Amino acid sequence: MPHPCLDQGFTIGSVAIRNRVVLAPMSGVTDLPFRQLAFRYGAGLVVTEMVASRELVFNAAESWSRLKGAGLTPHMVQLAGREPRWMAEAAKIAEGNGAGIIDINMGCPAKKVIGGYAGSALMREPEVALALIEATVKAVSVPVTVKMRLGWDDASINAPELSMRAESAGVQAITIHGRTRMQFYEGKADWDAIAAVRDAISIPLIANGDVQTKADAEEILRRSGADGVMLGRGCQGRPWHAGVLAGHLGPGVDCIPAVAVEHYRMMMEHYGADIAVRHARKHVAWYLERHGAVLSSPDKAAVMTSKDPEFVARRLYEALTDAVSNPQEEAA
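Below, the structure is looked at part by part. Along each chain, the written sequence defines residue order, and numbers are assigned to residues from 1. Reporting in this predicted model follows two pLDDT cut-offs: at least 70 for local features of residues, and 80 or more for side-chain atom pairs to be given and counted; totals over whole chains, interfaces and linings ignore these cut-offs and use all residues. With hydrogens and water excluded, all non-hydrogen atoms of the structure serve as input to the side-chain values.

### Let's talk about the pairing of strand β8 (residues 144-149)
The condition that has to hold: Partly exposed describes any residue whose relative accessible area lies between the buried limit of under 20% and the exposed limit of over 50%, with all areas from a 1.4 Å probe on protein chains only and scaled to the type maximum. Note on conventions: DSSP H or I runs of at least 4 residues are helices, E runs of at least 2 residues are strands, and numbering of each starts at the N terminus. Pairing between strands is defined by DSSP: at least two bridges between the two strands are required.
Here β8 lies mainly inside the structure; six of its six residues are buried. As paired strands, strand β7 (residues 101-106) and β8 are joined by five bridges and run parallel to one another. Within β8, the residue paired with asparagine 105 across the bridge is lysine 147.

Dropping the structure here:
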């Protein structure tokens, strides 16, 4: 059976997704400005940063900031936690604030998250995970999805069984990152192992892990049998990349400096300059590295530590303009 074309749409429950290339939720990365750019350039679906469920219920400012959708449709919100009552309440809040899809985080490997027995730690406690899923599904009328890894470690690959049970509990799509929690982001994602989940469920499956190019995206679909592909780190420094893999036009090499500066200014508006100059530093570094910009060590240090957004925007634009004016291809 041929794999689906990347530019074809699919559905999650009753929600139409315009193509099969999805921007992964990345904490500290896929904030509203990043998602707005990714969606503008053609990503089929974008997902918020992980929103802590309990903190959202108790009105933590950061959680409410992460919840914002600003008219993106569909608005997909990823929630994290381990207590069914807080997940259910947070899901209701998200739905009430425009979420068209609720995603449950069972894949984050970060020590801070698993230290609270959430994220991929839930894969070690299937009964807790299922109680959390059931509570979330019952709390809202919009589709609920789950993102998980293959398992906790190589000795406990339980994604197929958990996915099957999640579907029985009412989940309407599953995303699998082709690594275990103990791998973090090391080694290679196992695209073939995702196929066991395809065999276990009938709902849409999205495959994730190490996708950089269109050829990668097509290959992961072929080997996993998935309905869609999710990109994470491959979009850092190029928020348009998911859309490009789905067949849309990127900004064009000559326009990259302007898009990077627009992204920077969008962050200033979203967070306020004092916070944004710190949040934006990793994005500035990714743009410079991704597109071959060369700065002297003192100049790079000045850009990466400056608290003056106008200085940073100017040097970012100049450095990228110099880089893209050279006849070198964009880094893969």
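### So, the nonpolar core
Going by this rule: The nonpolar core is taken to be a set of buried Ala, Val, Leu, Ile, Met, Phe, Trp, Tyr and Cys residues, with the residues joined through side-chain atoms within 4.5 Å. By definition, residues are in contact when any of their heavy atoms lie within 4.5 Å.
Met106 and Ile174 are the most contacted members of the largest nonpolar core, which totals 71 residues. Residues in contact with isoleucine 174, not counting those within four places in the same chain, are Val146, Met148, Ser163, Ala166, Val197, Ile201, Ile203, Pro204, Leu205 and Ile206. Formed by 28 residues, the second largest nonpolar core is a distinct cluster that contains Met266, Met267, Val284 and Val312.

### Here's the deal with the packing of aromatic side chains
Rules: Here a pair means two rings of Phe, Tyr or Trp (six-membered ring of Trp) with centres within 6.5 Å. Their orientation is stacked below 30 degrees between planes, edge-to-face above 60, and tilted elsewhere. A ring is scored as having a charge over it whenever the NZ atom of a lysine or the CZ atom of an arginine sits within 6 Å of its centre and within 35 degrees of its normal.
Evaluated as defined, the whole model comprises three aromatic pairs. Here a set of aromatic residues connected by ring pairs shows up, and it is made of Tyr41, Trp240 and Tyr287. When the ring centre of tryptophan 191 is taken as reference, the NZ or CZ atom of lysine 188 above it lies at 5.6 Å.

### Section: the layout of surface pockets
The following threshold applies: Using only the protein atoms, space was sampled on a 1 Å grid; points where a 1.4 Å probe fits but cannot get out form cavities, open sets with protein on both sides within 12 Å along at least five of seven lines form pockets, and lining residues are those with an atom within 4 Å of a point. Grid points are joined across faces, edges and corners, and a volume is the space filled by probe spheres set on the points.
Of the volumes computed, that of the largest pocket is approximately 1,200 Å³. Around the largest pocket, the lining is made up of 42 residues, and of these Ser27, Met50, Asn105, Cys108 and Val113 lie nearest the centre. Those elements that place two or more of their residues in the lining of the largest pocket are β5 (51-52), α2 (53-57), α3 (61-67), β6 (76-80), α5 (111-114) and β8. If you add up the space inside the second largest pocket, you get close to 210 Å³. Along its surface, the second largest pocket is lined by 14 residues, and Glu62, Ser65, Arg66, Tyr271 and His279 are the ones closest to its centre. For the lining of the second largest pocket, the elements supplying multiple residues, two or more each, are α3, α11 (256-271) and α13 (281-290).

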